[in-house]
Amino acid sequence: MSEARSRNSEPTGRALLKGLAFASPFIIGFLVLYAWPILASGYYSLTDFSLFKAPKWVGLANYERMISDAKFWKSLYNTLFFTFVGVPVDIAISIAGAHILNQKLRGQPLWRALVYLPSIVPAVAAGFLWRWLLNAQYGFVNEILRWFHIPQPNWLLDASWGGISVIVLMLWTVGGTMLIYLAALKNVPQELYEAAELDGAGPLRRFWHITWPMISPVTLFQVIVLMIAFLQVFTQPFVLSKDPGLGTQTATGPGDSMLSYSIYLFQNGFTFLKMGYASAMAWVLLFVTLAITLLILWSAKKWVFYDNR
Amino acid sequence: MTTAEIQGTTLGERVPVGGRFGWLMTIYRYALVILLALVFVFPFVVMLTTAFKVSDEIFTAPPELFPRSWTLEHFYNALTQIPFWRFLINTVVIAGLSVLGTVLVSPLVAYSLAKLRWRGRNLLFIMVLATMMLPPQVTLIPIYMMWNKVGLTGTILPLVIPAFLGTPFFIFLIRQFLLSVPDELIEAAKVDGASEFRIYWSIVLPIARPALITSAVFQFVWAWTDFLYPLIYLNDEESYTLSIGLYSFLGQHGVQWGPLMAACVLFTLPAFLIFLMFQRYFIGGIATGALK
Amino acid sequence: MSTALGVVMMFGGALGAYAQDKTEITFSYLWGGAEGAALEQIIADFNASQDKIVVKGVSSPDMTKQLASMSSAKGAFDISDNFASNIASWSNQGILLPLDEFGIDTSDFPESVMKQLVVDGVLYSLPIATHNFQLVYNKKLLDEAGVTPPTTTAELAEAIKKLTKVDAEGNVTQLGLGLTDISAGMKTLGYAFGGDWNRDGKPTPTDANFVKGVQFYYDNVVAPVTPAAYNKFVAGFGPYMSDQDSFKQGKIAMVFEGEWRAKFNAEAGMDWGVVPVPGETPELLGSTWADVSTMFIPTNTGNKEAAGEFLKYIVSPPVMEKFSHVLANLPGRISLAGSAAYDDLPNFKVWLDAMNSPNTHGLPPALYMAEYNADLASAFDSVLQGAQTPEAALQAVADRTGSYSQ
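Residues numbered from 1 in each chain as written. Chains lettered and ligands numbered in written order. Predicted model: local features only at pLDDT ≥ 70, side-chain atom pairs only at ≥ 80, totals over all residues.

**Some thoughts on the overall build of chain B**
Of the regular secondary structure elements, chain B holds 16 helices and zero strands. Across the 292 residues in chain B, those meeting the buried criterion constitute 50%. Across chain B, the fraction of contacts at a sequence separation of at least 24, relative to all contacts at a separation of at least 6, is 72%. (Helix = DSSP H or I, 4+ residues; strand = E, 2+ residues; numbered from the N terminus. Buried ≥ 20, exposed ≤ 12 C-beta atoms within 10 Å, placed from the backbone. Contact = placed C-beta atoms within 7 Å.)

Right, here's the structure in full:
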């Protein structure tokens, strides 16, 4: 093939130089913004230091403290709750919504735009808006529930509902995922459905045996991307729970139910000035993210179907 | 239900729906999509109507959707109490510079991954993938210390410079796109004696325009809505972005829902306009990016 | 573009300053809203009184941002305010400029306050205003219920019972005693029972009488209406000191409030009164705690002298008097305590008198305040949710104190 011939005729040394030249900004960026900071943060996690004083070596003390720190576990629990509830629901809603959007309808650009619109609202504005919507007395969410005679929870002041409020806010921006699935659905070959029709398969079976496997690569990608996003969630719970105006207490929602891992990390680093501890928390997050990613990738063999055509 | 009707619901626009209950199905389908859109749009409606309501009407229990008397005072308050235009300009500057950086640098790196053959290529690709998955919290503090050491905290540079060093997500996105660019084009140019950079700049880049625009548009939105980085790096109110401005508005004035909702409307408006203008690229780009 | 513009502006400003010999400094303050506006009056006065320094005031109520600015290479302000309780911790971090060089006479400031602002013999901050909390009540609601302002905690409990109203469906329509600032209120109640959450400079969340105080609130306010109804009612509270303020709206009949409330209530045209905090015993009457708003200069300021000038100005007796009067705060100077300037603030006397009372507790300096306050906030929230007893919640805080910076 012509490509192989001409590429291979180039001396590898020159090819290497070219490659490095083009990639140089990222290589610099990687070293400066990723490699060195990761190592530095690893070092900081073994010290006790605030921004203004020299780090003092304490070995594994920060990690030991983490084990007995109730708020650390709470923040971890909250974040895992957001993730393991939020991600599946996100995907489910996205797939369902994609099916709805996939119908023969006029005005497709409009529907897609409306569904994606929440994603471009600055998270801070979205947070405030939902604080208003979820207000137990004046909020519209409870008003709508009242119409249907469904009990109205105290979204933002009830410890059992605080975490769910965060998830609701995050689900509002599900539009992006929905559109990705829409594109994925359009890529599923018609013939497969027609064949299934002839075999007498109903809609649910067609979904499970055709649609689901065909979109599973997208699902894998989305699960990982969403999982990473949910594990790092900061702005949404921060704005939902921030104590307005009154002093500057670090508010974390009813019963600390909105204390996400990132918020607690941020508090430790920038409010309590315990940067060593915050760095240790960051490393734990790194491991948790890696572990879950690997778990998902390993499980992918069981349910992800790659079209080898 | 006829076969055609069933196919109509699963496969999209290509199969026409016929049969006796066709019109019922059509209504059903439109109802579904309207309901779906409504769920996402309803909060905006609340935001808008609250912004126009007279203060007393805002706190009615049970809440009423439409204002009985309309007022512009909240918008006036929001605009005079916060330096809206300055925040807007700041946000546009930061977002614009980030886009510039992304569009200049990310394709360069993507090209090295997609179209060049060199020894470190696979290693670089793994580096890109790995950094995509890295939680920013891990590097947050050391990066902050670093910027502090060179005296750049309190400026917009920490927010903008990283875009000029390549963003892993966009590198990945553009790389995927570039893989589908036919190599014959490049070969032809090489035969003509063009340098690698020439090939990149004059041939590959124009073809990659859709991916570039998608990256630009996404980068813009990310920078526009960013909260955490401006929170820790921008100290001077002069340099605040819209996100931080809105947040500090809350702190300064307490939760006055009228002006707050008005401010939210104002802060969302520019993003909404940009979105309308570039709608095609947003939605097209999402599909391209995720599937390739 | 804005950076370029900024550079041009700075250059132009510097040029202009050089031409007129004016230095511009930034005074970032935690106050906002109406109080911020009042403060701007003081700033305008200073700018008009001399032509060497121009002070620019910026309202920035977030303490985290304050810290971020002070830790940055390029700070956002040259002088700011905070609370005495944070001074020790911040001076320890090296971000506060020592103020001894400005030669300000500190004899007119209360000893109890100065103890918090002088660390290792070095002066780091000066008081601009003090605050304490007393029991503010809605006269109209009390008269309607036939209740006289309580003087003991037992009377307070009785009063709460009579002033708490619940409708037929179990929804609260009025609370006898409310909390506009949860932590402040709980701490005050703790003192009312002779307890102390920070005894002798050490965190003491499980101090027996402090726990009693928190328990009091739960038993008398939350439990009778159930936590669910309580929280549902609280969810409907409007923003503090706005039109929808819970006290102004008559949603809470009594509340522990600071002296700045006098101005707001008067302007709201309310029929209200204030009495010293009811104590468990007569000796404990008026038990409360004092916080001090203080001025400081960050080490990363570029305009030390100008900032120092403004500092001297704002803590000088006439200016401090005007400042505290305009904001309805208590003055930081001993000599101003009996000033007639406050006569037009109704009911202000109760707070004024408490300034020198032995039952007004000051806060010793502590490095762990930020964390401790955050943990206490979580504990109080847990109690108000009915999730934990005060004893358990505060014990959880005690378990954490081991890792505080001391």
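**Focus on the pairing of strand β9 (residues 252–258) of chain C**
All names here are of chain C. Counting buried positions along β9 yields seven of seven residues, so the element is predominantly enclosed. Of the strand pairs in this sheet, strand β6 (residues 126–138) and β9 are connected by five bridges, and their pairing is antiparallel. In the sheet register, Val136 faces β9, and the bridge partner there is Val255. Inspection of the sheet shows strand β8 (residues 172–178) paired to β9 by three bridges, in the parallel sense. Bridge pairing in β9 links Leu177 to Met254. (Pairing = 2+ DSSP bridges.)

**Some thoughts on the interface of chain B and chain A**
By a frequent convention, interface size equals the accessible area lost on bringing the separate parts together. With 90 residues of chain B at the contact, the number on the chain A side is 93 residues. At twelve residues, the largest contribution of residues to the side of chain B that touches chain A is made by helix α2 (residues 22–52) of chain B. Among the residues making up the side of chain B that touches chain A, the classes are represented as 61 nonpolar, 19 polar and ten charged. (Nonpolar A, V, L, I, M, F, W, Y, C, P; charged D, E, K, R; others polar.)

**Let's talk about the confidence of the model for chain B**
Residue and element names in this part refer to chain B. For chain B, the mean per-residue pLDDT works out to 79, and 86% of the residues sit at or above 70. Per-element confidence in chain B is highest for helix α8 (residues 157–160), whose mean pLDDT is 92, and lowest for helix α1 (residues 3–11), whose mean pLDDT is 39. Of the regions scoring below 50 in pLDDT, residues 1–16 engages in 28 contacts with residues more than four places distant in sequence or in other chains. (pLDDT = per-residue confidence, 0-100.)

**Some details on the pairing of strand β3 (residues 79–83) of chain C**
Walk down a regular strand and you will see the side chains alternate between the two sheet faces. Residue and element names in this part refer to chain C. The sheet contact formed by strand β1 (residues 23–29) and β3 spans two bridges and is parallel. What sits directly across from Phe27, in β3, is Ile79. In this structure, β3 lies alongside strand β11 (residues 288–296), joined through four bridges in antiparallel fashion. Bridge pairing links Ser80 to Phe296 in β11.

**A short note on the domain arrangement of chain B**
Residue and element names in this part refer to chain B. In terms of domain boundaries, chain B breaks down into domain 1 (3–71) and domain 2 (79–291). Counting residues at the interface gives seven residues for domain 1 and six residues for domain 2. The element contributing the most residues to the side of domain 1 that touches domain 2 is α2, with four residues. (Domains from an automatic or database assignment.)

**Observations regarding the domain arrangement of chain C**
Residues and elements named next belong to chain C. Taken domain by domain, chain C consists of domain 1 (23–128 + 299–352) and domain 2 (132–289 + 363–403). Taking only C-alpha atoms into account, the centre of domain 1 sits 29 Å from that of domain 2. Between domain 1 and domain 2, the contact holds 19 residues from the first and 17 residues from the second. Elements with a contribution of two residues or more to the side of domain 1 that touches domain 2: α4 (84–92) and α14 (349–354). If you tally residues by element for the side of domain 1 that touches domain 2, the top one is α4, at seven residues. Classifying every residue of the side of domain 1 that touches domain 2 gives twelve nonpolar, seven polar and no charged.

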